[in-house]
Amino acid sequence: MLTALSAIASEQSNPTENTMKKVKHFLDYAASQEDAVVTHKASDMQLAIHSDASYLSEPKSRSRAGGHHFLTQKENITNVDNGA
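Not measured: the values here are computed from a predicted model.

(A) A look at the overall build of the protein chain. Counting its regular elements, the protein chain contains two helices and two strands. In the protein chain, the succession of helices and strands from N to C terminus is α-α-β-β. Of all 84 residues assigned to the protein chain, the portion counted as buried reaches 7%. If you take every contact in the protein chain between residues at least 6 apart in sequence, the share linking residues at least 24 apart comes to 36%. For the protein chain, the exposed area adds up to about 8000 Å²; of that, 53% sits on carbon and sulfur atoms.

And the structure:
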């Protein structure tokens, strides 16, 4: 389901009637899954996020943002200095 939801989300910047059909189809499917559950379990893992942004760093560009996130069990996650 996450793959389908991700594909639909990527169309939201320029939605069409086809996007609406996909959303309705996804919601109908999700509603028909009576036994579906989302389970959250306690753990020692932490969500770590590294991100950065720039403005006019490339010719004819405006702004850029990027990053990545991951789960880790490290107690001390070091902050990455982006030089700003």
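(B) Structural context of the environment of isoleucine 49. Tracing the chain through its elements places isoleucine 49 in strand β1 (residues 46–55). Not counting residues within four places of it along the chain, the set of residues in contact with isoleucine 49 comprises His68 and His69.

(C) Main features of the pattern of salt bridges. What the rule picks out here adds up to one salt bridge. Where lysine 22 meets glutamate 11, a salt bridge forms, and the shortest distance between an N and an O atom there is 2.7 Å. On the criterion of sequence distance, the pair formed by lysine 22 in helix α2 (residues 17–32) and glutamate 11 in the loop between α1 (2–10) and α2 is long-range, its members being 11 residues apart. According to the relative accessible area criterion, lysine 22 is partly exposed, its value standing at 34%.

(D) Summary view of a nonpolar patch on the surface. A surface patch of nonpolar side chains, amounting to about 420 Å² of accessible area, comprises Met45, Leu47, Ile49 and Leu71. A relative accessible area of 37% places methionine 45 in the partly exposed class.

(E) Structural detail: α2. Helix length check: α2, at 16 residues, gives a terminal C-alpha distance of 23 Å against a target of 22 Å (1.5 Å per residue), a fit within 8%. Of the residues flanking the start of α2, the one acting as N-cap is threonine 16, its side-chain oxygen 3.2 Å from the backbone nitrogen of asparagine 18.

(F) Representation of the packing of α1 against α2 in the model. The N-to-C vectors of α1 and α2 enclose an angle of 155 degrees; their axes lie 10 Å apart at closest approach. Here α1 lies roughly antiparallel to α2, going by the angle between them. Here α1 runs over α2; the crossing is left-handed. Where α1 approaches α2, its residues Ala4, Leu5 and Ile8 are matched on the opposing element by Lys22, Val23 and Phe26. When its residues are assigned to classes, the contact of α1 with α2 shows five nonpolar, no polar and one charged.

The rules behind these values
Residues numbered from 1 in each chain as written. Predicted model: local features only at pLDDT ≥ 70, side-chain atom pairs only at ≥ 80, totals over all residues. Heavy atoms only, no water. Helix = DSSP H or I, 4+ residues; strand = E, 2+ residues; numbered from the N terminus. Buried < 20%, exposed > 50% of the residue type's maximum accessible area, 1.4 Å probe, protein only. Contact = heavy atoms within 4.5 Å. Areas by Shrake-Rupley, 256 points an atom, 1.4 Å probe, with all protein chains shown as cover. Salt bridge = Lys/Arg side-chain N within 4 Å of Asp/Glu carboxyl O. Patch = residues over 30% accessible without salt bridge, like charges linked within 9 Å, V, L, I, M, F, W, Y side chains within 5 Å. Expected span 1.5 Å × (residues − 1). Polar contact = N/O pair within 3.5 Å; in protein donor to acceptor, adjacent residues only side chain to side chain. Axes fitted to C-alpha atoms, helices over the stretch in contact; angles between N-to-C directions. Parallel < 35°, antiparallel > 145°, perpendicular 65-115°, else oblique. Left-handed = near helix turned anticlockwise from the far one by under 90°. Nonpolar A, V, L, I, M, F, W, Y, C, P; charged D, E, K, R; others polar.

Purely geometric stuff here, so don't read any function into it on its own.
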